[in-house]
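Observations on the three-dimensional arrangement
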Amino acid sequence: MSAVSSRLPVFPWDRLEPYKARAAAHPDGIVDLSVGTPVDPVPDLIQQALVDAADSPGYPTVWGTVALRDALTGWVERRLGALAVSHRQVLPVVGSKELVAWLPTQLGLGAGDRVAYPQLAYPTYEVGARLCGATPVVYDDPTELDATDLKLLWLNSPSNPSGRVLAKDELTRIVAWAREHGVLVFSDECYLELGWEAEPVSVLHPDVCGGSFDGLVAVHSLSKRSNLAGYRAAFIAGDETVLGELLQIRKHGGMMTPAPVQAAAVAALGDDTHVVEQRARYAARRSALWAALEGHGFRIEHSEASLYLWATRDEPCWETVAHLSELGVLVAPGDFYGTAGERFVRVAFTATDERVEAAVKRLG
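Predicted, not measured: the structure shown is a model, and the values here were computed from it. (Residues numbered from 1 in each chain as written. Predicted model: local features only at pLDDT ≥ 70, side-chain atom pairs only at ≥ 80, totals over all residues. Heavy atoms only, no water.)

**Some words on the packing of aromatic side chains**
- Tallied over the full model, the rule gives 13 aromatic pairs.
- Aromatic pair Trp-75 and Phe-235: ring centres 5.6 Å apart, planes at 85°, arrangement edge-to-face. Linking Trp-75 in helix H4 (residues 66–80) with Phe-235 in strand E8 (residues 234–238), this pair joins segments that are 160 residues apart in sequence. Each of the two residues, Trp-75 as well as Phe-235, counts as buried.
- Relative to Tyr-308, the ring of Tyr-191 lies with its centre 5.6 Å away and its plane at 65°, an arrangement referred to as edge-to-face. Residue Tyr-191 is located in the loop between strand E6 (184–188) and helix H8 (206–209), and its partner Tyr-308 is located in strand E10 (residues 308–312); the two are separated by 117 residues in the primary sequence. Assigned by exposure class, Tyr-191 and Tyr-308 land together as buried.
- Ring pairing ties together the aromatic residues Trp-13, Tyr-19, Trp-318, Phe-336 and Tyr-337, which thus form one cluster.
- Geometry around Trp-63 places Arg-69 over its ring, the cationic atom sitting 3.9 Å from the centre. (Phe/Tyr/Trp six-rings, centres within 6.5 Å; stacked < 30°, edge-to-face > 60°. Helix = DSSP H or I, 4+ residues; strand = E, 2+ residues; numbered from the N terminus. Buried < 20%, exposed > 50% of the residue type's maximum accessible area, 1.4 Å probe, protein only. Lys NZ or Arg CZ within 6 Å of the ring centre and 35° of its normal.)

Here you go:
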């Protein structure tokens, strides 16, 4: 056990604890903008679907119910613009973080194999590579990588942490390069329905993939769009050969989405009204925080999508974290996401309206 854990970086959030304590000492309490966790209620129709399926004494299947697979294929076609998606091209997973962390292991990667991800990135891409003994590699432009022994290429658009969106022509160019070099692409698109100044596009869109999913898999989550982070409901879609192999492995590993959660996911995927309503809440919070941060001397870069503002005062990120903690506001230091973030902080706008209003007043 110690040999495996020694491969991993220090868990970054532990380093934030002293600043969290300082922010919590504010007379009006902490405004925690450090983690992008949903705070608004789970929509009623989803809660009801969960309750209605609560009497589920038998084991669920890894592949999911027919109703869930129908919901997944329908959503991928309707929302991503993909064509003629079959049940063999979708697979539910137990939250997207589990998938990201264990994917290289489940793909059979190990020593000598390379896993690439953006230089500003969700830390779990690196963790997944290190868990199986593969070599993590960061990139600015993936097409400039040496493809030798490069077995897995992570894309992330919209980006966590920066909110940057890869344009359709950029995605098309990257997909063509990966296919030319035989590199498997997994595209983390969990924030795709949260575009603000840009309209995110999936790698499964026919304009990007040419109508073929070969060598491509998209990762999606219901955590952000439907406030279901506590349900652990996510899925992947794409190359049926890759998904078929993962299905067999995950059957042996018992990686089953609970039956009530599967029913809740069907309800969530079949309803767009709650997504529109939640977007409106986030849009208002985003606008208020953006103006307050700029008024406080911050510059916002990228941030055209996702649930975060990528902000800088042109100083080391931990100085910014310390400064804001004195105001009772907690944010995430940019270096959690790579050295390219050393002078930025990630500001989530997932707090309640009341807490966002409190942050705006303090920044003012």
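Having seen the model, we can carry on.
**Describing the environment of Gly-338**
- Locating Gly-338 in the fold gives a position in the loop between strand E12 (332–333) and strand E13 (345–348).
- The partly exposed category is assigned to Gly-338, whose relative accessible area is 21%.

**Some remarks on the nonpolar core**
- The biggest cluster of nonpolar side chains holds 68 residues, and the ones touching the most others in it are Leu-33, Trp-154, Phe-186 and Ile-236.
- For this core, the element with the highest residue contribution is helix H12 (residues 317–326), accounting for five residues.
- Residues contacting Leu-33, with those up to four places away along its chain left out, are Leu-289, Val-329, Leu-330, Val-331, Arg-346, Val-347, Ala-348, Ala-351 and Ala-359.
- Counting 47 residues, the second largest nonpolar core, distinct from the first, contains Ala-71, Leu-80, Ala-147 and Leu-150. (Core = buried A, V, L, I, M, F, W, Y, C linked by side-chain atoms within 4.5 Å. Contact = heavy atoms within 4.5 Å.)

**Considerations on the sheet that holds strand E2 (residues 90–93)**
- Reading across from one edge, E2-E8-E7-E6-E5-E3-E4 is the order of the seven strands in this open sheet, with mixed pairing throughout. Both outer strands of the open sheet, E2 and strand E4 (135–139), are each paired with one neighbouring strand and no more. Within the sheet, the average angular offset between the axes of one strand and its neighbour, ignoring direction, is 20°.
- The sheet strands contacting helix H5 (residues 96–106) are E2, strand E5 (150–156), E6, strand E7 (216–221) and E8, and the helix crosses E5 at an angle near 160°. (Pairing = 2+ DSSP bridges. Axes fitted to C-alpha atoms, helices over the stretch in contact; angles between N-to-C directions.)

**Digging into the side chain of Asp-271**
- Tracing the backbone shows Asp-271 in the loop between helix H10 (259–269) and helix H11 (273–295).
- Buried within the structure, Asp-271 lacks any salt-bridge partner; its nearest side chain of opposite charge belongs to Arg-225, at an N-O separation of 7.1 Å.
- At 3.5 Å, the side chain of Asp-271 forms a polar contact with the backbone nitrogen of Thr-273.
- Those residues within four positions of Asp-271 in sequence are excluded, and the remaining contacts are Leu-45 and Arg-225. (Lys, Arg positive; Asp, Glu negative; His and termini not counted. Salt bridge = Lys/Arg side-chain N within 4 Å of Asp/Glu carboxyl O. Polar contact = N/O pair within 3.5 Å; in protein donor to acceptor, adjacent residues only side chain to side chain.)

**What about the sheet that holds E13?**
- A sheet is described by the order of its strands in space; here four strands give the open sequence E9-E10-E13-E12, paired in antiparallel fashion. Pairing within the sheet leaves two strands with one partner each, and these edge strands are strand E9 (299–301) and E12.
- In the sheet, E12 pairs with E13 via two bridges, with the strands oriented antiparallel. Counted as the bridge partner of Pro-333 is Val-345 from E13.

**A short note on the pairing of E5**
- Burial within E5 is extensive, with six of its seven residues counted as buried.
- For strand E3 (residues 114–118) and E5, the ladder comprises three bridges, and the chain directions are parallel. When the sheet's bridge partners are listed, Ala-116 is paired in E5 with Leu-153.
- Summarising the sheet, E5 and E6 pair through five bridges and their orientation is parallel. Residue Trp-154 lies in a different strand from E6, and its bridge partner there is Phe-186.
- Following the chain from E5 across helix H7 (residues 168–180) to the adjacent parallel E6, one finds a crossover that is right-handed. (Right-handed = clockwise from strand over helix to strand, strands pointing away.)

**Here's the deal with helix H9 (residues 240–253)**
- End to end, H9 covers 19 Å across 14 residues, agreeing with the expected 20 Å (1.5 Å per residue, within 8%).
- Of all the residues in H9, the buried ones are Val-242, Leu-243, Leu-246, Leu-247 and Arg-250. Mapping the buried residues of H9 onto a view down its axis gives an arc of 135°, with all of them on the same face. The exposed residues of H9 that point more than 90 degrees off its buried face are Thr-241 and His-252.
- Along its buried surface, H9 packs onto E2, H5, E6, E7 and E8.
- Between a side-chain oxygen at the N-terminus of H9 and the backbone nitrogen of Thr-241 the separation is 2.9 Å; the capping residue is Asp-239.
- Taken from the residues just after H9, Gly-254 is the one with a positive phi, measuring 70°. (Expected span 1.5 Å × (residues − 1). Arc of directions from axis to C-beta.)

**Observations regarding helix H6 (residues 124–131)**
- Across the eight residues of H6, six count as buried, placing the element largely inside the fold.
- For H6, the set of buried residues is Thr-124, Tyr-125, Val-127, Gly-128, Ala-129 and Leu-131.
- Positive phi appears at Gly-133, one or two residues downstream of H6, with a value of about 85°.

**Describing the packing of H5 against H6**
- With their axes 7 Å apart at the nearest point, H5 and H6 run at an angle of 35° to one another. Along this stretch, H5 crosses H6, giving a crossing that reads as right-handed. Contacts between H5 and H6 involve Lys-97, Val-100, Ala-101, Trp-102, Pro-104 and Thr-105 on the former and, on the latter, Thr-124, Tyr-125, Gly-128, Ala-129 and Leu-131.
- Of the residues contributing to the contact of H5 with H6, the split by class is seven nonpolar, three polar and one charged. (Left-handed = near helix turned anticlockwise from the far one by under 90°. Nonpolar A, V, L, I, M, F, W, Y, C, P; charged D, E, K, R; others polar.)

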